[in-house]
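Analysis of the macromolecular model
Here are the chains, one letter per residue:
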Amino acid sequence: LGEFKDIEIIIACDHDDTNSRDEILSFTANAYPDLKITCLTCERMGYGKINEYFNLMIPLASSNSEMILFWGDDYSMITEDWATILYNHYKKSFGVYFLRVERNGEILPNPTSFAFPKKWFNIVGSLGNPIDSWLAEVGKRAGCYYKVNDLLVIEERMSLSDETQRDTEASKGPRTKYNTG
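Residues numbered from 1 in each chain as written. Predicted model: local features only at pLDDT ≥ 70, side-chain atom pairs only at ≥ 80, totals over all residues. Heavy atoms only, no water.

Considering the overall build of the protein chain
Our working rule: The secondary structure listing takes helices from DSSP runs of H or I that are at least 4 residues long and strands from runs of E that are at least 2 residues long, numbered from the N terminus.
The helix and strand tally for the protein chain stands at six helices and eight strands. Starting at the N terminus and ending at the C terminus, the protein chain contains elements arranged as β-α-β-α-β-β-α-β-β-β-α-α-β-α.

What to know about a nonpolar patch on the surface
Definition in use: Within the patch definition used here, like charges are joined within 9 Å and nonpolar side chains (Val, Leu, Ile, Met, Phe, Trp, Tyr) within 5 Å, considering only residues with over 30% relative accessible area and no salt bridge. Using the Shrake-Rupley algorithm and a 1.4 Å probe, accessible areas are obtained, with residue cover drawn only from the displayed protein chains. For this analysis, a salt bridge means a side-chain nitrogen from Lys or Arg found within 4 Å of a carboxyl oxygen belonging to Asp or Glu. Only protein chains enter the accessibility calculation, which uses a 1.4 Å probe; a residue whose area is less than 20% of its type maximum is buried, one above 50% is exposed, and one in between is partly exposed.
Together, Phe94, Ile123 and Val124 make up an exposed nonpolar region whose accessible area comes to about 280 Å². Of note, Ile123 is situated in helix H4 (residues 118-124). Overall, Ile123 belongs to the exposed group, its relative accessible area being 61%.

Let's talk about the environment of Tyr146
Note the threshold: Any two residues having at least one pair of non-hydrogen atoms within 4.5 Å are treated as being in contact.
The residue Tyr146 is located in strand E8 (residues 145-155) in this model. A residue is classified by how much of its surface remains accessible, and Tyr146, at 28% relative accessible area, is partly exposed. The spacing of Tyr146 and Phe114 is 32 residues in sequence and 9.6 Å in space, taken between C-alpha atoms. Among all residues touching Tyr146, those that are not within four sequence positions of it are Ser93, Phe94, Gly95, Val96, Tyr97 and Phe98.

Some remarks on the nonpolar core
Counted only if it meets this: To form a nonpolar core, buried Ala, Val, Leu, Ile, Met, Phe, Trp, Tyr and Cys residues must be joined to one another through side-chain atoms within 4.5 Å.
One finds Phe54, Ile58, Phe114, Phe116, Leu127, Ile131 and Leu135 to be the most contacted residues of the largest nonpolar core, which totals 36 residues. Ranked by the residues each element gives to this core, the list is headed by strand E5 (residues 96-103), at five residues. In contact with Ile58, other than residues within four places in its own chain, are Ile68, Phe116, Lys118, Phe121 and Leu127.

Description of the pairing of strand E2 (residues 36-42)
Here is the rule we go by: Should DSSP find at least two bridges between two strands, the strands are regarded as paired. Think of it like this: strands point away, you trace from the first strand over the helix to the second, and a clockwise trace means the crossover is right-handed.
Direction of pairing for strand E1 (residues 8-14) relative to E2: parallel, over a ladder of seven bridges. Across the sheet, residue Ile11 finds its bridge partner in E2, namely Cys39. Once you follow E1 into helix H1 (residues 18-31) and on to E2, the crossover reads as right-handed.

So, the side chain of Thr112
Counted only if it meets this: What qualifies as a polar contact is a pair of N or O atoms within 3.5 Å, subject to a donor-acceptor requirement within protein and to the restriction that residues adjacent in sequence count only when both atoms come from side chains.
Within the secondary structure, Thr112 sits in the loop between strand E6 (106-107) and strand E7 (114-117). A polar contact of 2.9 Å, which involves the side chain of Thr112, links it to the side chain of Glu155. If we ignore the near neighbours within four places in the chain, the residues touching Thr112 are Phe70, Tyr75, Val101, Arg103, Asp132 and Glu155.

This is the structure:
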């Protein structure tokens, strides 16, 4: 994670998904022993209510946290030194930052990975749904919507209805999802 020593991770796992939680915590403890990680275990709300997961997770962040990054389990960060690049955008302009996302070899016109200052959440109090469209609309209306084209994320979306595929992927163990540069 480069020069950043104060990054924290907050994950949400459905109460019936203890395997994923345990694998993530174990992998993180071994790969990044100084990284602060918090796990929220809650009832399954599904992707359609992902904003509710966020609304529960963000208050768990440290009081001095500056930025929130939405990161799905189907993302891979391709860009080297991504944390520095994102932080420099944040220092330059307050707003919501949408990362360039590629799915099936095509760049998505409406990116699904984003970051925003924690102060934003403190001001608005909660996030609407669908979270990416809601953030984009609020950011555009407030004049602080930014596409960060120098950060590339690959999205490898799995069919949520295909339990066999999900079980197969889970049996492979945790995957590194970013380059640390």
